[in-house]
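# Geometric and topological summary
Each chain, letter by letter, is given below.
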Amino acid sequence: MTPSPEEIEAARTPAGGWSRAQLAQWGVPWPPPKGWKQKLAEQWQAEQDSAG
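Let's shift gears to the pattern of salt bridges. One pass over the structure, following the stated rule, counts two salt bridges. The salt bridge involving lysine 37 is made with glutamate 9; its shortest N-O contact spans 3.8 Å. Taken together, the residues span a long stretch of sequence, with lysine 37 in helix 3 (residues 36-51) and glutamate 9 in helix 1 (residues 5-10) at a distance of 28 residues.

Shown next, in the form of structure tokens:
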């Protein structure tokens, strides 16, 4: 399941980034490519739109 934009922000580490393990759970490669957050947000929105 794709995380919501709020879930992505809530998963930040105290240093302000995201752990390699967390990104892997979301299917994001390491190092994370430019635009990965936007891509996840678009996937999440598409899932919401198709759900009803």
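Now for the nonpolar core. Ranked by size, the top nonpolar core spans seven residues in total: Ile8, Trp18, Leu23, Trp26, Val28, Trp36 and Leu40. Residues in contact with isoleucine 8, not counting those within four places in the same chain, are Pro3, Trp18, Trp26, Trp36, Lys37 and Leu40.

As for its placement among the helices and strands, tryptophan 18 is situated in the loop between helix 1 and helix 2 (20-25). A distance of 2.7 Å separates a polar side-chain atom of tryptophan 18 from the backbone oxygen of isoleucine 8.

One pass over the structure, following the stated rule, counts two aromatic pairs. Between tryptophan 18 and tryptophan 36, the aromatic rings sit 5.0 Å apart at their centres with planes inclined by 85 degrees, giving edge-to-face as the arrangement. In this pair, tryptophan 18 is assigned in the loop between helix 1 and helix 2 and tryptophan 36 in helix 3, connecting sequence segments 18 residues apart. Note on tryptophan 18: relative accessible area 15%, which makes it buried. Taking the relative accessible area as the measure of exposure, tryptophan 36 reaches 12% and is therefore buried. Taking the centre distance of 6.3 Å and the plane angle of 25 degrees together, the rings of tryptophan 26 and tryptophan 36 count as stacked. Separated by ten residues along the polypeptide, tryptophan 26 in the loop between helix 2 and helix 3 and tryptophan 36 in helix 3 bring together distant segments of the chain. For the pair formed by tryptophan 26 and tryptophan 36, the shared burial category is buried.

What counts as what
- Residues numbered from 1 in each chain as written.
- Predicted model: local features only at pLDDT ≥ 70, side-chain atom pairs only at ≥ 80, totals over all residues.
- Heavy atoms only, no water.
- Salt bridge = Lys/Arg side-chain N within 4 Å of Asp/Glu carboxyl O.
- Helix = DSSP H or I, 4+ residues; strand = E, 2+ residues; numbered from the N terminus.
- Core = buried A, V, L, I, M, F, W, Y, C linked by side-chain atoms within 4.5 Å.
- Buried < 20%, exposed > 50% of the residue type's maximum accessible area, 1.4 Å probe, protein only.
- Contact = heavy atoms within 4.5 Å.
- Polar contact = N/O pair within 3.5 Å; in protein donor to acceptor, adjacent residues only side chain to side chain.
- Phe/Tyr/Trp six-rings, centres within 6.5 Å; stacked < 30°, edge-to-face > 60°.

None of this, on its own, says anything about what the molecule does.
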